[in-house]
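# What the coordinates show
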Amino acid sequence: MIAGLKLSHLVSGSIAVLVGYTGSVAIIFQAIDKVGATQLQANSWMLVLGLGTGLSGVALSWRYRMPILTAWSTPGAALLVIGLDGIPMSEAIGAFLVCGALLTLTGLTGWFEKLSHLIPDAIASAMLAGILFRFGLGVFSSMEEDMALVAVMCLTYLAGKRWFSRYAIPSVLATGILFCWIAGAFHTDVEFAFSIARPVFVMPEFSMAALIGVGLPLYVVTMTSQNMPGIIALKSAGYQPPVSASMTVTGMTTVLLAPFGGFAFNLAAITAAICAGPEADANPLTRYKAALIAGAFYCLVGLLGAAVIGLFLIAPKALVVSVAGLALMNTIGTSLNTALLQSGQREAALVTFMTTVSAISFFGIGAPVWALLFGAATSLALSKKGVNPLISAN
């Protein structure tokens, strides 16, 4: 038992895992299907993805006493759905190994950590706000799907913030579950077959086609769309994450688990923001316990294999989206405030924020990286002597 464990740790950790799985499990199943995996191999993929995420996150969070959550690469999984078409399982595994080796090398050389230190706080906070913004919007767009459920959860949130702020999010989650149970909104047609999954080893093979079409793009997507936002999420919460050590741990985890289906591991951003915010714990020094809980849950779900993923699919989408958005509301507001606080960086922060929200993608590189580049270019252009900000500091 973790000493000093709080209800907020349990709730934040469980919400992080819920969001992690519901946001990507369907994409992962599509990627598995592309390589023609058997049911045992599919279970192996889900096993190692859960264990790899849980164990690496627990190791980093415990070692550095920070809420360092790791994750599998969701953009990477989306890439695999396209890139794995026609590629045998053994060659796909070889590409995963190459990606893991590159991630490990990135951590050992330390160049990525040096790059992360060059990003201004305003631009970093603006990018994080942009990444999380769609989750905040999800609370309101979900009203079209289930107005009554979302309204009850929002009212509970407001009451909680007013009278019992420490338990606002746990109350929202409990209220949403109770409402769905009374209304019969849970999908009861999902079948469950609980069993312990077993790893299935696939001997890797290496081909230039898989390396160029899968391995290198998977590395680029993981670094730009996952690791960079993950670093910024922790920095925006007031932490100084061990960037190189985290890259090394996630890279080595990928190398070890790639033959069993662990295609790429990286720092988490959205789920990390859930555990790194004040809702997880008022004391920043003990928020890492929420990450430890999340890691334990990831391991448990992974051990039970693909069948248990059904548990994450029985809840109405509005419930999952709303609880995630409300849990991130404070982080979104804090990030926006930090981004716009300095009048001299306000235009650059706005450009960064709007570029991130736009979700543009060029040359296989996602919006967060373009947001940093456009924001930095704006900051550099307006930093010249004699250029006045368009937005005043009033």
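Residues numbered from 1 in each chain as written. Predicted model: local features only at pLDDT ≥ 70, side-chain atom pairs only at ≥ 80, totals over all residues. Heavy atoms only, no water.

### Topic: helix α3 (residues 39–64)
For α3, with 26 residues, the first-to-last C-alpha span of 38 Å sits near the 38 Å given by 1.5 Å per residue. Positioned one or two residues after α3, Arg65 has a phi angle of 55 degrees, which is positive. (Helix = DSSP H or I, 4+ residues; strand = E, 2+ residues; numbered from the N terminus. Expected span 1.5 Å × (residues − 1).)

### Examining a nonpolar patch on the surface
Judged by side-chain polarity, Leu7, Leu10, Trp163, Phe164 and Tyr167 come together as a nonpolar surface patch covering roughly 530 Å² of accessible area. Assignment of secondary structure puts Trp163 in helix α8 (residues 147–163). (Patch = residues over 30% accessible without salt bridge, like charges linked within 9 Å, V, L, I, M, F, W, Y side chains within 5 Å. Areas by Shrake-Rupley, 256 points an atom, 1.4 Å probe, with all protein chains shown as cover. Salt bridge = Lys/Arg side-chain N within 4 Å of Asp/Glu carboxyl O.)

### A closer look at the nonpolar core
Ile15, Leu69, Phe96, Leu132, Ile232, Phe263 and Leu328 are the most contacted members of the largest nonpolar core, which has 100 residues in total. Among the elements that line this core, the one with the most residues is helix α10 (residues 208–236), at 10 residues. Contacts of Leu328, omitting those with residues within four sequence positions, involve Leu132, Phe135, Ile270, Ala273 and Ile274. Of all hydrophobic cores here, the second largest spans five residues; its members include Ala129, Ala339, Ala349 and Phe353. (Core = buried A, V, L, I, M, F, W, Y, C linked by side-chain atoms within 4.5 Å. Buried < 20%, exposed > 50% of the residue type's maximum accessible area, 1.4 Å probe, protein only. Contact = heavy atoms within 4.5 Å.)

### Things to note about empty space enclosed by the protein
Counted according to the given criterion, the structure contains one cavity of 30 Å³ or more. Of the pockets and cavities examined, the largest cavity occupies roughly 30 Å³. Residue assignment for the lining of the largest cavity shows that the elements contributing at least two residues are α3 and α13 (288–303). When grouped by side-chain class, the residues that make up the lining of the largest cavity number five nonpolar, four polar and no charged. (1 Å grid on protein atoms, 1.4 Å probe; cavity = no way out; pocket = protein on both sides within 12 Å on 5 of 7 lines; lining within 4 Å. Points joined across faces, edges and corners; volume = space filled by probe spheres on them. Nonpolar A, V, L, I, M, F, W, Y, C, P; charged D, E, K, R; others polar.)

### Focus: the pattern of salt bridges
Enumeration according to the criterion identifies two salt bridges in this entry. When the shortest N-O distance is used, the salt bridge between Lys6 and Asp281 registers 3.0 Å. Placement of the pair is Lys6 in the segment before α1 (7–22) and Asp281 in the loop between α12 (270–276) and α13, with a sequence separation of 275 residues. Across the salt bridge formed by Lys161 and Glu279, the nearest N and O atoms sit 3.9 Å from each other. Of this pair, Lys161 sits in helix α8 while Glu279 sits in the loop between α12 and α13, and the two are 118 residues apart along the sequence.

### Here's the deal with the packing of helix α7 (residues 121–141) against α10
Where α7 meets α10, the axes come as close as 9 Å, and the angle between the chain directions of the two elements is 110 degrees. If you check the angle between α7 and α10, you find them roughly perpendicular. For the pair α7 and α10, contact is made by Ala124, Ser125, Met127, Leu128 and Ile131 and by Met228, Pro229, Ile232, Ala233 and Ser236, respectively. Here the residues of the contact of α7 with α10 are counted per class, giving eight nonpolar, two polar and no charged. (Axes fitted to C-alpha atoms, helices over the stretch in contact; angles between N-to-C directions. Parallel < 35°, antiparallel > 145°, perpendicular 65-115°, else oblique.)

### With respect to α8
A turn of α-helix holds 3.6 residues, and therefore any two residues three or four places apart point the same way. Taking 1.5 Å of rise per residue, 17 residues should cover 24 Å, and α8 covers 24 Å from first to last C-alpha, within 8% of that figure. Taken as a whole, α8 has its buried residues at Leu149, Val150, Met153, Cys154, Thr156, Tyr157 and Gly160. Down the axis, α8 shows its buried residues gathered within 160 degrees of arc, on one side only. What points out from α8, more than 90 degrees from its buried face, is the exposed set Leu155, Leu158, Arg162 and Trp163. Next to the buried residues of α8 lie α7, α9 (168–183) and α15 (317–341). (Arc of directions from axis to C-beta.)

### A few points about the side chain of Ser142
On the secondary structure map, Ser142 appears in the loop between α7 and α8. Given a relative accessible area of 5%, Ser142 falls into the buried group. Every residue in contact with Ser142, bar those within four places of it in the chain, is listed here: Val150, Ala318, Val321 and Ser322.

### Describing the packing of α7 against helix α17 (residues 367–382)
Following both chains from N to C, one finds α7 and α17 inclined at 145 degrees, their axes separated by 10 Å at the closest point. Crossing geometry of α7 relative to α17 is assigned as right-handed. Across the interface between the two elements, Ile123, Met127 and Ile131 of α7 pack against Pro368, Leu372, Gly375, Ala376 and Ser379 of α17. Here the contact of α7 with α17 is composed, by residue class, of six nonpolar, two polar and no charged. (Left-handed = near helix turned anticlockwise from the far one by under 90°.)

### What about the side chain of Thr378?
The topology assignment puts Thr378 in helix α17. At 2.8 Å, the side chain of Thr378 and the backbone oxygen of Phe374 are in polar contact. Here Thr378 is in contact with Glu347, Ala348 and Val351, once residues within four sequence places are set aside. (Polar contact = N/O pair within 3.5 Å; in protein donor to acceptor, adjacent residues only side chain to side chain.)

### A word on the environment of Leu128
Mapped onto the elements of the fold, Leu128 is located in helix α7. A sequence separation of 211 residues divides Leu128 from Ala339, and the C-alpha atoms of the two residues are 9.5 Å apart. When neighbours within four sequence positions are excluded, Leu128 is seen to be in contact with Ile232, Ala233, Ser236, Thr331 and Ser335.

### Things to note about the packing of aromatic side chains
Scanning the model with the defined rule gives 11 aromatic pairs in all. Ring centres of Trp370 and Phe374 lie 6.0 Å apart, and the angle between their planes is 35 degrees; on these two criteria the pair is classed as tilted. A residue pair is termed a helical-turn pair when its members lie 3 or 4 positions apart in one helix, as Trp370 and Phe374 do in helix α17 at four residues. A residue is classified by how much of its surface remains accessible, and Phe374, at 34% relative accessible area, is partly exposed. Members of the aromatic cluster, connected to one another through ring pairs, are Tyr21, Trp72 and Tyr298. Between the NZ or CZ atom of Arg63 and the centre of the ring of Tyr64, over which it lies, the distance is 4.7 Å. The ring of Trp62 carries the charged tip of Arg65 above its face, separated from the ring centre by 4.1 Å. (Phe/Tyr/Trp six-rings, centres within 6.5 Å; stacked < 30°, edge-to-face > 60°. Lys NZ or Arg CZ within 6 Å of the ring centre and 35° of its normal.)

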